[in-house]
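# Structural characterization, general
For reference, the chains in residue letters:
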Amino acid sequence: MVFAVRHTDVMLKLLGAPHQTDLVTSALRLAQALLDEGAAVQVWACGDATALTCAAFGDSKPVNIAERTVDHPSTGTVIRELLTAYPERLDWYVCRFCCAERGRSEQIAEVLKRPPSQFWQHVRATDKVVAMGVC
């Protein structure tokens, strides 16, 4: 079976630990802004950024002891909602090897795992690439 990568206007390549900096917030805000402007976007998460959509984290963040009654969505839930809201213009991919290496092979159902050898297909299918974070 041949996998065809949809053409996108922008590809966001996410690298590095997702919660040590503003990487998550910046990436999600940038993706939302691009989608609001009508752009087609693909996200490729690599390295520790594969944790963003790890199924094991569930739908909610752990309870915040300062706000016990507030339910905060996990990053997987936020990303799932974005993918549901923009099914024709947003694709989210994770590096299969990075997931396996970090014990995060189980991803939310809406995310596709791709081998790193296929990364070039994604780059060729987009007009612009923005790399965010460091490994």
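Higher on the page you've got the structure.
Residues numbered from 1 in each chain as written. Predicted model: local features only at pLDDT ≥ 70, side-chain atom pairs only at ≥ 80, totals over all residues. Heavy atoms only, no water.

## Thoughts on helix H1 (residues 23–36)
To keep things clear, this is the line we draw: Helix numbers and strand numbers start at the N terminus; a helix is a DSSP run of H or I with at least 4 residues, a strand a run of E with at least 2. Every helix has an expected span of 1.5 Å times one less than the residues it contains. Per-residue accessibility, obtained with a 1.4 Å probe over protein chains only, is compared with the maximum for each type, and a residue is labelled buried under 20%, exposed over 50%, and partly exposed between these values. Comment: arc refers to directions from the helix axis out to C-beta atoms.
For H1, built from 14 residues, the straight-helix expectation of 20 Å at 1.5 Å per residue is met to within 8% by its first-to-last C-alpha distance of 20 Å. The set of residues buried in H1 consists of Leu 23, Val 24, Ala 27, Leu 28, Ala 31, Leu 34 and Leu 35. Buried residues along H1 cover an arc of 130° about the axis, so they all sit on one side. Residues of H1 that are exposed and point more than 90 degrees away from the buried face comprise Arg 29 and Asp 36. Looking one or two residues beyond H1, the residue adopting positive phi is Gly 38, at roughly 95°.

## Let's talk about the environment of Thr 21
You can see Thr 21 is positioned in the loop between strand E1 (8–14) and H1. Considering only alpha carbons, one finds Thr 21 and Val 43, 22 residues apart in sequence, at a separation of 18 Å.

## What to know about the pattern of salt bridges
Keep this limit in mind: In what follows, salt bridge is the name for a side-chain nitrogen of Lys or Arg lying within 4 Å of a carboxyl oxygen of Asp or Glu.
Applying the stated criterion across every chain, the model contains six salt bridges. Residue Glu 101 is joined to Arg 102 by a salt bridge in which the shortest nitrogen-to-oxygen separation is 2.9 Å. According to the relative accessible area criterion, Glu 101 is exposed, its value standing at 64%. Put simply, Asp 48, Glu 101, Arg 102 and Arg 104 are held in one network by salt bridges that share partners.

## Let's talk about the packing of H1 against helix H2 (residues 75–85)
Convention followed: Structural elements are reduced to axes, namely lines fitted to C-alpha atoms, with helices fitted over the stretch in contact, and the angle between N-to-C directions of any two is expressed from 0 to 180 degrees. By definition in this entry, angles of less than 35 degrees are roughly parallel, angles greater than 145 are roughly antiparallel, angles of 65 to 115 are roughly perpendicular, and the rest are oblique. In what follows, a contact means two residues having at least one pair of non-hydrogen atoms within 4.5 Å. Basically, the charged four are Asp, Glu, Lys and Arg, the nonpolar ten are Ala, Val, Leu, Ile, Met, Phe, Trp, Tyr, Cys and Pro, and anything else, Gly included, counts as polar.
Remark: H1 packs on H2, axes separated minimally by 12 Å, with the N-to-C direction vectors making an angle of 10°. Here H1 is positioned roughly parallel relative to H2, judged by the angle of their axes. Facing Val 24, Leu 28, Gln 32 and Leu 35 of H1, the residues of H2 in contact are Thr 75, Val 78, Ile 79 and Leu 82. Looking at side-chain class alone, the contact of H1 with H2 contains six nonpolar, two polar and no charged residues.

## With respect to the packing of aromatic side chains
The test is simple: Classification of ring pairs uses Phe, Tyr and Trp, with its six-membered ring standing for Trp, and accepts pairs whose centres are within 6.5 Å; under 30 degrees between planes counts as stacked, over 60 as edge-to-face, and the remaining range as tilted. Criterion for a charge above a ring: Lys NZ or Arg CZ within 6 Å of the ring centre, and within 35 degrees of the ring normal.
Within this structure, the stated rule accounts for two aromatic pairs. A ring pair is formed by Phe 3 and Tyr 93, whose centres lie 6.2 Å apart and whose planes are at 90°; its orientation type is edge-to-face. In this pair, Phe 3 sits in the segment before E1 while Tyr 93 sits in strand E3 (residues 90–95), placing the two residues 90 residues apart along the sequence. You can call Tyr 93 buried: its relative accessible area is 2%. A cation sits over an aromatic face here: Lys 13 above Phe 119, 4.5 Å from the ring centre.

## Focus: the pairing of strand E2 (residues 41–45)
To keep it simple, the criterion reads: By definition, two strands form a pair when at least two bridges between them are found by DSSP.
In terms of burial, E2 is a largely internal element, five of the five residues being buried. Here E1 pairs with E2 via five bridges, running parallel. In the strand pairing of E2, Leu 12 is matched with Val 43. In the sheet, E2 pairs with E3 via five bridges, with the strands oriented parallel.

Interpretation in functional terms is not warranted from these geometric data alone.
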